[in-house]
Amino acid sequence: MRIDPHVHCRDGRQSYKETIEHVFRLCDSQGIDVIFDMPNTDPPVLKTEDVEKRLSIVPKNDFLRYRLFVGSTPDARQLQEAVRMVKECRQVVGLKLYAGPTEGNLGVCAEKDQKMIYDVLAGLGYEGVLAVHCEKKNLCRQDFDHQKPVSHCAARPPEAEISAVDDQIKFARTSGFRGVLHICHVSAAASLALIKSVKAEIRITCGVTPHHLLWACTQMNNRDGLLYKVNPPLRELNNCIAMRQALKNGDIDWIETDHAPHPVSEKLYPPYASGYPSICLYGELVDKLLPLWGFDGSRINDVTCNNIRKTFTERKV
């Protein structure tokens, strides 16, 4: 079994970008068996009725392959309902926190609001997964120039991710959070150092995308550089190589595609959307490049399945 625990299907008002049905057809071509769908859809997935509506549109033949995250907001009642869904619904695998600005309207940028979420979850005794997009808003700049696509990498520097990861670790420790803190799509080597330093103290995991393993920020120097605009952005080559080594030695727990398609018109023209259809990179990465980089079969199974199942429990996957 191969699992992609980070996919953006767009059914709803953005179904012209991507659909659950089409994602599964891509998965079939890339050898992916199960997906975890993200909640920053339009409308977002926050309540029981949102989950029920989402599950009702999953193709019947693919239903057993589909899992879903519920968004997190600084609203105690919403969090209580979300925790109940994780406990009661097999298809709901965990909660997602957008700790910074990104696509959609679920960004929780204020540190006091982020801390409040951890405090509430700790008070509820939540022991499931809280997956977090880490980019600190006040360290992201507004000087992105669409005529110089690589400027996006400087506008959202590694420090924005590193500081946000540090915040989440601090909130998890001080609140007494008992769940698993999962840091999504790690892209900076210094973030990995922070995560590794607390593995003996808190339950923490991290993932990496195909695009952060394969491409450096120089990819955005080309004329079509806007097509490679992602959050967090592509980094320097040394970070890219560090991600490969960390995945190989176990400091990164698994591969997650962060598959996030947009029409080419929305990439090359306003709103210059961030996201890449990275499921399309999965098969060649796993079947050809990982062995070429020295990954043995056991490690490949760990980063594509075993570590994910251990973290989310086999009942969920």
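Peer 1: Explanation requested: the overall build of the protein in the structure shown.
Peer 2: For the protein, the helix and strand inventory stands at twelve helices and eight strands. Here the protein has a C-alpha radius of gyration of 18 Å; the compact-globule value for 317 residues is 20 Å, and the two agree. The C-alpha extent of the protein, read off along each of the three principal axes, is 50 × 45 × 40 Å. Burial status across the protein gives 57% buried among its 317 residues. Contacts in the protein between residues at least 24 apart in sequence constitute 76% of all its contacts with a sequence separation of at least 6. Taken as two groups, the 41 positive and 40 negative side-chain charges of the protein have centres that lie 2 Å from each other.

Peer 1: How do you make sense of the sheet that holds strand 3 (residues 66-71) when you look at a structure like this?
Peer 2: In sheet architecture, strand pairing relies on hydrogen bonds along the backbone and comes in two forms, parallel and antiparallel. Read from one edge to the other, the open sheet built from eight strands follows the order 1-2-3-4-5-6-7-8, with strand pairing classed as parallel. Where the open sheet ends on each side, the last strands, each with one partner, are strand 1 (3-7) and strand 8 (254-255). Along the sheet face, helix 3 (residues 76-88) touches strand 3 and strand 4 (92-99) and points at about 145 degrees away from the line of strand 4. Of the strands in this sheet, strand 4, strand 5 (129-134) and strand 6 (180-183) are in contact with helix 4 (residues 111-123), which crosses strand 4 at around 155 degrees.

Peer 1: How should I be thinking about the packing of aromatic side chains in this particular structure?
Peer 2: Here a ring pair, both rings aromatic, is described through the centre-centre distance and the interplanar angle of the planes. Enumeration according to the criterion identifies eleven aromatic pairs in this entry. Site record: aromatic cluster; members linked through ring pairs are Phe 36, Phe 69, Trp 254 and Phe 312. Positioned above the aromatic ring of Phe 144 is the side chain of Lys 229, whose terminal nitrogen or guanidinium carbon lies 5.1 Å from the ring centre.

Peer 1: Even after reading the chapter, I still don't get the state of the cysteines, so can you show me in this structure?
Peer 2: The bond known as a disulfide is covalent and runs between the sulfur atoms of two cysteines. Summed over all chains, the structure comprises zero disulfides. Among the cysteines around Cys 9, which has no disulfide bond, Cys 27 carries the closest sulfur, lying 8.0 Å off. We classify Cys 9 as buried; its relative accessible area is 1%.

Peer 1: Explanation requested: the pairing of strand 3 in the structure shown.
Peer 2: Two faces make up the sheet, and in a regular strand the side chains alternate between them. The buried count for strand 3 comes to six of six residues, which makes it a mostly enclosed element. Residues Tyr 66, Leu 68 and Val 70 point to one face of strand 3 and Arg 67, Phe 69 and Gly 71 to the other, with burial holding for every one of them. Where strand 2 (residues 34-37) meets strand 3, three bridges bridge the pair, whose relative direction is parallel. Paired with Ile 35 across the bridge in strand 3 is Tyr 66. Relative to strand 4, strand 3 runs parallel, the two sharing four bridges. Bridge pairing links Leu 68 to Val 92 in strand 4. In this view, the connection linking strand 3 to its parallel neighbour strand 4 by way of helix 3 has right-handed handedness.

Peer 1: Looking at this model, I keep getting lost on the pattern of salt bridges. Mind explaining?
Peer 2: Any two side chains of opposite charge can pair if their charged atoms end up close together. For the structure on display, the rule yields 23 salt bridges. Across the pair Asp 287 and Arg 2 runs a salt bridge, and its minimum N-O distance is 3.0 Å. Taken as a pair, Asp 287 in helix 11 (residues 279-292) and Arg 2 in the segment before strand 1 lie far apart in primary sequence, 285 residues in all. The partner of Arg 235 in a salt bridge is Glu 161, and the shortest N-O contact between them spans 3.9 Å. Of this pair, Arg 235 sits in the loop between helix 8 (210-214) and helix 9 (237-249) while Glu 161 sits in helix 6 (residues 158-175), and the two are 74 residues apart along the sequence.

Peer 1: Can you help me understand the environment of Ala 172 in this one?
Peer 2: If you trace the backbone, Ala 172 turns up in helix 6. Discounting chain neighbours no more than four positions away, the residues touching Ala 172 are Tyr 118, Phe 177, Leu 181 and Ile 202.

Peer 1: Even after reading the chapter, I still don't get the side chain of Gln 168, so can you show me in this structure?
Peer 2: Along the chain, the position of Gln 168 falls in helix 6. Residue Gln 168 is classed as buried on the basis of its relative accessible area of 0%. Discounting residues that sit within four places of it in the chain, Gln 168 has contacts with Leu 97, Ala 99, Gln 114, Tyr 118, Val 132, Cys 134 and Leu 181.

Peer 1: Explain the packing of helix 3 against helix 4 here, please?
Peer 2: Angle between the axes and distance between the axes: these two values describe a pair of packed helices. Interhelical geometry of helix 3 versus helix 4 gives an angle of 50 degrees and a closest axis separation of 10 Å. As summarised for this structure, helix 3 and helix 4 are arranged oblique, according to the angle between their axes. In the packing of helix 3 onto helix 4, the handedness of the crossing is right-handed. Here Ala 76, Leu 79 and Val 83 of helix 3 lie close against helix 4, whose contacting residues are Met 116, Ile 117, Val 120 and Leu 121.

Rules of the game
- Residues numbered from 1 in each chain as written.
- Predicted model: local features only at pLDDT ≥ 70, side-chain atom pairs only at ≥ 80, totals over all residues.
- Heavy atoms only, no water.
- Helix = DSSP H or I, 4+ residues; strand = E, 2+ residues; numbered from the N terminus.
- Rg over C-alpha atoms; globule rule 2.2 N^0.38 Å.
- Buried < 20%, exposed > 50% of the residue type's maximum accessible area, 1.4 Å probe, protein only.
- Contact = heavy atoms within 4.5 Å.
- Lys, Arg positive; Asp, Glu negative; His and termini not counted.
- Charge placed at Lys NZ, Arg CZ, Asp CG, Glu CD.
- Pairing = 2+ DSSP bridges.
- Axes fitted to C-alpha atoms, helices over the stretch in contact; angles between N-to-C directions.
- Phe/Tyr/Trp six-rings, centres within 6.5 Å; stacked < 30°, edge-to-face > 60°.
- Lys NZ or Arg CZ within 6 Å of the ring centre and 35° of its normal.
- Disulfide = S-S within 2.5 Å.
- Right-handed = clockwise from strand over helix to strand, strands pointing away.
- Salt bridge = Lys/Arg side-chain N within 4 Å of Asp/Glu carboxyl O.
- Parallel < 35°, antiparallel > 145°, perpendicular 65-115°, else oblique.
- Left-handed = near helix turned anticlockwise from the far one by under 90°.

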